[in-house]
Structures are given as structure tokens and as C-alpha cells.
Amino acid sequence: MALSLSPDRTHLLRDGQPFFWLADTAWNGICRATEADWAVYLAARAAQGFTVIQFVCTHWRAYAEEPAFTLDGGLRMNEAFFARRDRLVQMIREHGLVPAPVLLWACTEHDPGWYLSEADAVTVARYIKDRWGGEDTVYFLGGDGDYRSEKAEKWRRIGRAVFADDPGAIVTMHPGGQQWVVEEFRHEPWFSFHGYQSGHGDSEANLRWLLNGPPGVATVEPPPYRLLPPVHPAINLEPNYELHPAYGSTRVFSDVHVRRAAYWSLLVTPPAGVTYGSNAIWPWATRPEAPLGHEGLGVAPPWHEGLDTPGVRSMTVLRRLFDGLPWWRLRPAPHLLAEQPGADDPARHVMAAATDDIALAVIYTPAGTTLRLDLPAPLSGRWFNPRTGGTLSAPDWTTPDGLDWVLLLRKEE
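The following paragraphs examine the structure supplied in this document. The structure presented is a predicted model; accordingly, all values stated were derived computationally and were not measured. (Residues numbered from 1 in each chain as written. Predicted model: local features only at pLDDT ≥ 70, side-chain atom pairs only at ≥ 80, totals over all residues. Heavy atoms only, no water.)

## Things to note about the overall build of the protein
Check the secondary structure of the protein and you find twelve helices and 19 strands. Computed over the C-alpha atoms, the radius of gyration of the protein is 21 Å, within 12% of the 22 Å expected from 2.2 N^0.38 for a compact globule of 413 residues. Along the first, second and third principal axes, the C-alpha set of the protein runs to 70 × 45 × 40 Å. Counting every position in the protein, which comprises 413 residues, the buried fraction comes to 59%. In the protein, once contacts between residues fewer than 6 apart in sequence are set aside, the share between residues at least 24 apart is 70%. Roughly 15,600 Å² of accessible area belongs to the protein as shown, and the carbon and sulfur atoms make up 52% of that amount. Distance from the positive charge centre (37 side chains) to the negative charge centre (49 side chains) of the protein: 1 Å. (Helix = DSSP H or I, 4+ residues; strand = E, 2+ residues; numbered from the N terminus. Rg over C-alpha atoms; globule rule 2.2 N^0.38 Å. Buried < 20%, exposed > 50% of the residue type's maximum accessible area, 1.4 Å probe, protein only. Contact = heavy atoms within 4.5 Å. Areas by Shrake-Rupley, 256 points an atom, 1.4 Å probe, with all protein chains shown as cover. Lys, Arg positive; Asp, Glu negative; His and termini not counted. Charge placed at Lys NZ, Arg CZ, Asp CG, Glu CD.)

So, in C-alpha cells, the structure goes:
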């Protein structure tokens, strides 16, 4: 099941067909899961409509129980570490899911991408790529690092060295929260799509970074719509995690925040997909515990409590919605809004996308409102419930209640 870029380079293809990225974040899953538990988890995510599993491949600041390599007397890969996990990686594929390994986590001095020499970083990344990779794999070369400005050159060299013999590989960077690194990598031959992290803040500034900041502004121009070259898909690889305390307020994110971040992310750029995360899943704890190296996040629930939650169910509904649409033809369309309800309050920001011919428009509103639209032709509408998947007629553009809704507009025949 080979992955590639679409001819217009706005989304991914799987065996030549549009591939909707709906990832789950199991950073510690490969490191800590038993085979039996991993099978339960993967079966659930496959049935729930997920398509990608993101995971870390080595010890890092949140996992120090067993080293993937040692440096005493020179770099030596721990064959036993990888042998114990070969089967878990293969199980991802057996469930029809795409593996998305982070080759070099790089957030702090406790992470391989931070402290390894450039030569050792290339060796580790190549080893993992050769062992666990394939044409059905998406590689995160770096995880959660700062790759901006002068720091980017090292990573550009690492990428060229690791993927020089695999020009068809699908590769991206996973940058730190609200760090935009497109300009640093968009011209690299190994770089396939824009990965970004809107992160876990809930302040007005945090929200506006996603709504009005780099993801949309740096990817597209205002109408008339034009993709900025060189074109790459854009995917939010780490939006608000369900059950995660917000940076600043410490309010715990619920399914409401998960949905909001997901729909905003999908419609602010040409949609290619989005990642879901849960504070119950990523640490992969078997009992309540404070995640290693993540002070201030409180106690995370055990992994099994993240299997079926309101946020997960919302992602299943989202996947079903987009499966029924030609989502790969959608483009950001803020000009369809005659008035932006979130102009003064970003939490109420309405996001709109449409096909070039405006035969289909998808408008997400995170809270009840009456939309004022500027439509170039008559369109018939229905309200889609992002919590349940149900639909209601839309005799006008007023939401059925005060919750979040999706307005689906289609050209009248």
C-alpha cells in the first residue's frame, strides 16, 4: 500500500487514491505496550476510522526504561530493544493502518535528536528507517524540536543523508508548539509535507496562531485562491489533546476542544487530514501516573481509558463526514463569510472551505450563531452534527442550538 503525493501536491495518496490522514498519537505505545494490549488498541482505532499511528522509536524524555542505543565507547544500537518491538510495528500494518515513526525526538537535552552528534543521528535514523520503514510509512525525521533559523541546517543535512537513497519516501518534521518551519524545509528534496503543532494552549494568542497565523497565511493567498509554491500538504500533527491540561489555564481539554481544533485545522488549509491525541494514550501508562519528563501535566489516566471517549467518537464522525465528500477539492474560503462571528472572540471563529466552483462548501462554527454568508450562487444547506453524525434541515443559517455545528452547502440542481 504505497503512499505518495497527489499530482497537485495538496494531499496524500494511498495506492493512487486520496488518503485521509486521521492519526492517533501513541508516542510511547511501541516502547511500553504488550503485544496483547497493542492488539486491542489497534483493533479499536482501525474500527473507529483512524488511518495513521504516530509513535516514538527510541528512549526519550518520556521513556527511560530501556535504551534503544548506547554511547559508551561509541554508538551501539541495542538489537534486543528493536527485536522486542518488531512485531508491534508490523501489527500496525496488519490492521490496515499507516506507521508514522518519529526517528529522532528532539525537544530537550534528554532526547536523541538533541544530544546525538550529527553522524550518530544519521546512523540511528537510518537504522530505524531500514528496519521499520517501507513505502507504506510516513517518517517524522525530528520530533517536537526547534528547527528554526540556523538550527535548521543540521536537520537539512540529516534529512539528505538519511533519505538520499529513497527519493519517494514521505517525510516531514514535527516541530515544537506553534513553531512554523515551512520556509526552512520546503525546498528540501526529501521534505514531503508541512507538519505543524498548534499545541496545547487555550489563550487568545494560542487560538489566533492557528486561525489567523502561519498555517493558513503561509500556505494560501486570499481570493482569488492560489497555492503558494512549492506546494505541499499541510497537517496539524499535534492539536489540543483530549484530557490534557491547557498550558496557562490548566483547564482540561474535552471533546469540544478536540473537535474545534480538528475542524479548524482541516479547513484553514487545503485539507489533507489531522491528528488526534489523548492524555490517556500517548504516555501508555497501565495505571494513573505522572508522565516522565512532563512536569505540570498532572496524572495521566491508563491507556485503556482512552480507547473510547467522546473525543474519539467525534473523530469517527469526522472521518465519516469527510469520506462522503470530495474533501481533496476543498480550499479555504473565508470570503464566503460576510461577517466573522469570531472577530472579537477567537473561540467563536467560523472556518469555511469550498470547492473552486462553489458547488460544495463546508462551514464549521464552534458555537451557536447566525451566519451571514456571501454566496455567489444559491446553495442548499443542511446542518451536520459533529457529535453524532446526524443532519438537520437548514431553512436559514442559524445553528440548531448553542453547540458546534457544520453547515454543508451544495449547489442547487
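Next comes the rest of the description.
## Section: the sheet that holds strand 1 (residues 3-5)
In spatial order, the strands read 1-2-3; together these three strands make up an open sheet with antiparallel pairing. Edge positions in the open sheet fall to strand 1 and strand 3 (17-19), since each of these has one partner strand only. Looking at each pair of strands side by side, their axes are set apart by 45 degrees on average, direction ignored. Of the strand pairs in this sheet, strand 2 (residues 12-14) and strand 3 are connected by three bridges, and their pairing is antiparallel. Pairing of R14 across the sheet is with Q17, part of strand 3. (Pairing = 2+ DSSP bridges. Axes fitted to C-alpha atoms, helices over the stretch in contact; angles between N-to-C directions.)

## Notes on the environment of W303
If you trace the backbone, W303 turns up in the loop between strand 13 (273-276) and helix 12 (310-323). On the accessibility criterion, W303 (6% relative accessible area) is buried. Counting along the chain gives 266 residues from W303 to D37, while the straight-line C-alpha distance between them is 9.3 Å. Here W303 is in contact with D37, V40, Y41, A280, I281, W284, A285 and T286, once residues within four sequence places are set aside.

## Here we look at the sheet that holds strand 17 (residues 379-384)
Spatially, the six strands line up as an open sheet ordered 14-15-16-19-17-18, and their pairing is antiparallel. Pairing within the sheet leaves two strands with one partner each, and these edge strands are strand 14 (331-332) and strand 18 (391-393). The pairing of strand 17 with strand 18 spans three bridges and is classified as antiparallel. Residue pairing in the sheet places W383 in a bridge with L392 of strand 18.

## Let's talk about the nonpolar core
Core analysis: the biggest nonpolar cluster contains 75 residues, and W21, W38, Y41, L104 and L141 have the highest contact counts within it. Residues in contact with L104, not counting those within four places in the same chain, are G113, L116, A121, V124, A125, F140, L141, G142, G143, W155 and I158. Counting 36 residues, the second-largest nonpolar core is a separate cluster that includes F50, W209, A262 and V317. (Core = buried A, V, L, I, M, F, W, Y, C linked by side-chain atoms within 4.5 Å.)

## As for a nonpolar patch on the surface
Nonpolar side chains collect at one region of the surface, where L71, W114 and Y115 lie side by side and expose about 300 Å² of accessible area between them. Mapped onto the secondary structure, W114 falls in helix 5 (residues 112-115). (Patch = residues over 30% accessible without salt bridge, like charges linked within 9 Å, V, L, I, M, F, W, Y side chains within 5 Å. Salt bridge = Lys/Arg side-chain N within 4 Å of Asp/Glu carboxyl O.)

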